[in-house]
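Descriptive structure summary
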Amino acid sequence: MDITLQIGGEAGQGINTVGDLLAQVFVKAGFHTFTINDAESRIRGGYNYTQIRVSDNPIHAPVDDLDVIVAFSDDAVIKPRNKLANDGVIVFDDNVEFKDIEACHYAAPLQKVAKEIGGHVRMTNAAALGAVLAMLKFPIELAEETLSSIFKKKGEKVISSNVAVARAMYDRTLEEFSGPCSQNLSTIQQGPGIDKMLLTGNRAMALGAMAANLKWISSYPMSPSTALFQDIITYSRDLEIGTIQTEDEIASICMALGASYAGARSMVTTSGGGFSLMVEAVGLGAMAEIPIVIYNAQRAGPSTGLPTRTEQADLLFMAFASQGEFPRIMLAPKDPLEGFDVAVRAFDLADKFQVPVMILGDQHLADSTWSTPPIDVTKVKIDRGSLSSKGSGDYERYKLTNDGVSPRAFPGDPGKVVVSSSNVHFEDGHITEDPDVRNAMVQKFLKKIPNILDALEPPKIYGPEKADVTLLTWGSSWGAANEAVEILHKDGVSINQLHFCDIYPLRTELLTSVFGQVKKIIAVEQNATSQLAKLIRMETGLDVHHHVNKYDGRPMTPGWIIQQLKEGGVL
């Protein structure tokens, strides 16, 4: 089974709620789901949609064809109907007047049933749920269980009303709708997924940060990173995490650096435009060797760009942000499970090497929802790196060591005076312009890099170890590319995928090996200039053979990638 449903309309019509209900119904039934939200950057109006893909196999990307469209506005029919599969179904509220009525399949009395049965138009979402499940011939009993679970905290009256509305619309749809549908799930059994939960990339990384003992977060809200900040605020009192919404991004990173200097694991969240303002403070953190984690949920730029759309175009900017030369670490998770792991590792790496660690997400990863297995937080082990032993005596915050990492002490530690500076400094932290000290401190920075490389994970190969064609990917583009590889491999194409999560500093051993064996390397990136491919060429001299680039603000699909490979003469 592999079906895709799309709920579309204007902002404020409860589109996401219907999508959430459907996703939870299918997850509770044991199936894998993947949900994307496509929204215009406005509070109300415009054309927005939620797309839910359901399968009995794990899925990580949207697809192009739609089996069911639920429309709350005429745009929700007109814009996506060319993607409707053969025998696909469009259901819309009968209060909406479509100019092209023959393209629609069922005018459902969603609001009418919500008012008559539930007593309020707010229950239109439950009515839409019932209509969609009837279209699919999906057992309504599973939906009733899910609605009872979702509304449990709101009391029996709310539960019974929503269940009654969903059941009434379900029965009415079965009675009134006689058209064909590409899916019939009337004989479906429990799916293969057990104990799944729904996670966005933002929420998974928030959970990872809290599991890593985050103690301070300061941010200026900037979509699409804001939900991570909000999730941490939600639990901040219980977990004793300091949080503040600052007046701007400069203040947010400077506060986080101050908290980290005092010993608290600290983080900021932003997008590319906000990170632009943080760049000078990134240099401050590097010179003072203050650990910090920076999360950039990328969106289309430059400037305001497309505030609610996706892109992966900040890689080179972040790799070389701020003046001077110093190490930094860049990680780009592919999905929520890896996002949780990356968040935990980011804090450990920042503490261990006393460098800025940058997490590169994007709107697609941040806002999409995956069904994932539960996360075992008891396995999280915290590594604060090299700390100065207790006791009195002269303390040198920037003591020269063989690996470039000086033991940390924090202001207030007994018997220690901690001196830090944004200028070049002696080992004790006091300012100097001595050229020999300058050389020693730059070399101190660079000595960290070999051990950083050892601590980072190499890229991974998906598919056969050796192939004629290799797709080169990073971050959230993994999902669509990985499914494209699976489809092409079944069709007899010799193809695999080389994927990067730990991007910078660049680990080159496996990379060099793959480039030396494969006939064609194809860079697949959500940007216009293949930024990872450029970074690889700069670091290694290795060049890719072909580029597949998407930069319209919408996520890739497996079908789109395959089409680009065929049009480019790769296949």
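If you're wondering where the values come from, they're calculated on a predicted model, not measured in any experiment. (Residues numbered from 1 in each chain as written. Predicted model: local features only at pLDDT ≥ 70, side-chain atom pairs only at ≥ 80, totals over all residues. Heavy atoms only, no water.)

**Points about the environment of serine 477**
The topology assignment puts serine 477 in the loop between strand S16 (469-474) and helix H15 (478-490). Placed 22 residues apart in sequence, serine 477 and histidine 499 show a C-alpha to C-alpha distance of 9.2 Å. (Helix = DSSP H or I, 4+ residues; strand = E, 2+ residues; numbered from the N terminus.)

**A closer look at the domain arrangement of the protein**
As far as domains go, the protein holds domain 1 (2-195), domain 2 (198-372), domain 3 (386-456) and domain 4 (460-567). Domain 3 and domain 4 are separated by 40 Å when their C-alpha centres are compared. Taken together, the contacts link five residues of domain 3 with five residues of domain 4. With both chains or domains summed, domain 3 and domain 4 bury close to 430 Å², and 68% of this area falls on carbon and sulfur atoms. At the boundary of domain 3 and domain 4, one finds two residue pairs in polar contact (both at pLDDT 80 or more). Looking at the side of domain 3 that touches domain 4 residue by residue, the class counts come to four nonpolar, no polar and one charged. (Domains from an automatic or database assignment. Contact = heavy atoms within 4.5 Å. Buried area = accessible area lost by both parts, 1.4 Å probe. Polar contact = N/O pair within 3.5 Å; in protein donor to acceptor, adjacent residues only side chain to side chain. Nonpolar A, V, L, I, M, F, W, Y, C, P; charged D, E, K, R; others polar.)

**Remarks on the side chain of glutamine 298**
Topologically, glutamine 298 is positioned in strand S11 (residues 292-298). A polar side-chain atom of glutamine 298 sits 2.7 Å from the main-chain carbonyl oxygen of glycine 361.

**A word on the packing of aromatic side chains**
Aromatic rings in a pair are described by how distant their centres are and how their planes are angled relative to each other. Taken as a whole and judged by the stated rule, the model has seven aromatic pairs. Pairing tyrosine 106 with phenylalanine 177 gives two aromatic rings, centres 5.8 Å apart and planes at 50 degrees, and the pair type is tilted. Placement of the pair is tyrosine 106 in strand S6 (residues 106-108) and phenylalanine 177 in the loop between helix H6 (156-176) and strand S7 (197-200), with a sequence separation of 71 residues. The aromatic ring of tryptophan 478 is capped on one face by lysine 334, whose charged end is 5.1 Å from the ring centroid. One residue, lysine 550, lies across the ring of tryptophan 560, its end atom 5.6 Å from the ring centre. (Phe/Tyr/Trp six-rings, centres within 6.5 Å; stacked < 30°, edge-to-face > 60°. Lys NZ or Arg CZ within 6 Å of the ring centre and 35° of its normal.)

**Some thoughts on the sheet that holds strand S19 (residues 520-525)**
Read across the open sheet, the five strands follow the order S15-S17-S16-S19-S20; overall the sheet is mixed. Looking at strand neighbours, the two that pair on one side only are strand S15 (460-462) and strand S20 (546-549), the edges of this open sheet. Direction aside, neighbouring strands of the sheet carry axes that sit 25 degrees apart on average. Pairing of S15 with strand S17 (residues 495-500) involves three bridges; the strand directions are antiparallel. Looking across to S17, one finds that tyrosine 462 is bridged to glutamine 497. Set on the sheet, helix H16 (residues 509-517) makes contact with S15, S16, S17 and S19; between it and S17 the angle comes to about 155 degrees. (Pairing = 2+ DSSP bridges. Axes fitted to C-alpha atoms, helices over the stretch in contact; angles between N-to-C directions.)

**Some details on helix H8 (residues 226-239)**
With 14 residues, H8 ought to run about 20 Å at 1.5 Å a step, and its terminal C-alpha atoms sit 19 Å apart, in line with that. Buried-residue contacts for H8 involve helix H7 (201-211), strand S8 (216-219), strand S9 (242-245), strand S10 (266-270) and S11. (Expected span 1.5 Å × (residues − 1).)

**A few points about the nonpolar core**
Ile232, Met267 and Ile329 are the most contacted members of the largest nonpolar core, which totals 50 residues. Counting residues per element, this core draws most heavily on helix H12 (residues 336-353), at nine residues. Excluding residues that lie within four positions of it along the chain, methionine 267 makes contacts with Ala209, Leu214, Trp216, Ile217, Ser218, Leu228, Ala256, Val293, Tyr295 and Phe347. Formed by 49 residues, the second largest nonpolar core is a distinct cluster that contains Tyr106, Leu133, Ala143 and Leu185. (Core = buried A, V, L, I, M, F, W, Y, C linked by side-chain atoms within 4.5 Å. Buried < 20%, exposed > 50% of the residue type's maximum accessible area, 1.4 Å probe, protein only.)

**Concerning the pattern of salt bridges**
Throughout the structure, instances matching the rule amount to 25 salt bridges. One salt bridge in this structure joins arginine 172 and glutamate 176, with 2.9 Å as the shortest N-O distance. Pair noted here: arginine 172 and glutamate 176 are both in helix H6, with a separation of four residues, about one helical turn. Residue aspartate 543 pairs with arginine 537 through a salt bridge whose shortest N-O separation is 3.6 Å. A network of salt bridges, in which partner residues are shared, links Arg265, Asp348, Asp351, Arg384 and Arg408. (Salt bridge = Lys/Arg side-chain N within 4 Å of Asp/Glu carboxyl O.)

**Some points on the sheet that holds strand S12 (residues 329-331)**
Across the sheet, which stays open at both edges, the seven strands sit in the order S9-S8-S10-S11-S13-S12-S18 with mixed pairing between neighbours. In this open sheet, the two edge strands, each paired with only one partner strand, are S9 and strand S18 (502-504). Taking each pair of neighbouring strands and ignoring which way they run, the sheet shows an average axis angle of 20 degrees. With seven bridges joining them, S11 and strand S13 (residues 356-362) adopt parallel strand pairing. By the bridge assignment for S13, glutamine 298 is matched with aspartate 362.

**What to know about the pairing of strand S14 (residues 369-372)**
Neither face of S14 is left uncovered, since the one carrying Thr369 and Ser371 and the one carrying Trp370 and Thr372 both have all their residues buried. Sheet topology note: the strand S2 (residues 32-38)/S14 ladder contains two bridges and is antiparallel. Across the sheet, the residue bridging to phenylalanine 34 is tryptophan 370, located in S14. The pairing of S7 with S14 spans four bridges and is classified as antiparallel. Residue pairing for S14: threonine 200 is matched across the bridge by threonine 369.

**With respect to the side chain of asparagine 496**
Assignment of secondary structure puts asparagine 496 in strand S17. Of the polar contacts made by the side chain of asparagine 496, one reaches the backbone oxygen of glutamate 465; its length is 3.4 Å. Of the polar contacts made by the side chain of asparagine 496, one reaches the side chain of threonine 470; its length is 2.6 Å. In this structure asparagine 496 touches Ile461, Tyr462, Gly463, Pro464, Glu465, Lys466, Ala467, Val469, Thr470, Leu471 and Val485, once residues within four positions along its chain are discounted.

**Some points on the packing of helix H3 (residues 110-118) against H6**
Between H3 and H6, the shortest axis-to-axis distance is 9 Å and the interhelical angle comes to 135 degrees. The orientation of H3 relative to H6 falls into the category oblique. As H3 packs across H6, the resulting crossing turns out to be right-handed. Along its contact with H3, which presents Leu110, Lys112, Val113, Ala114, Ile117 and Gly118, the element H6 presents Ser161, Ala164, Val165, Ala168, Met169 and Arg172. The residue makeup of the contact of H3 with H6, split by class, is eight nonpolar, two polar and two charged. (Parallel < 35°, antiparallel > 145°, perpendicular 65-115°, else oblique. Left-handed = near helix turned anticlockwise from the far one by under 90°.)

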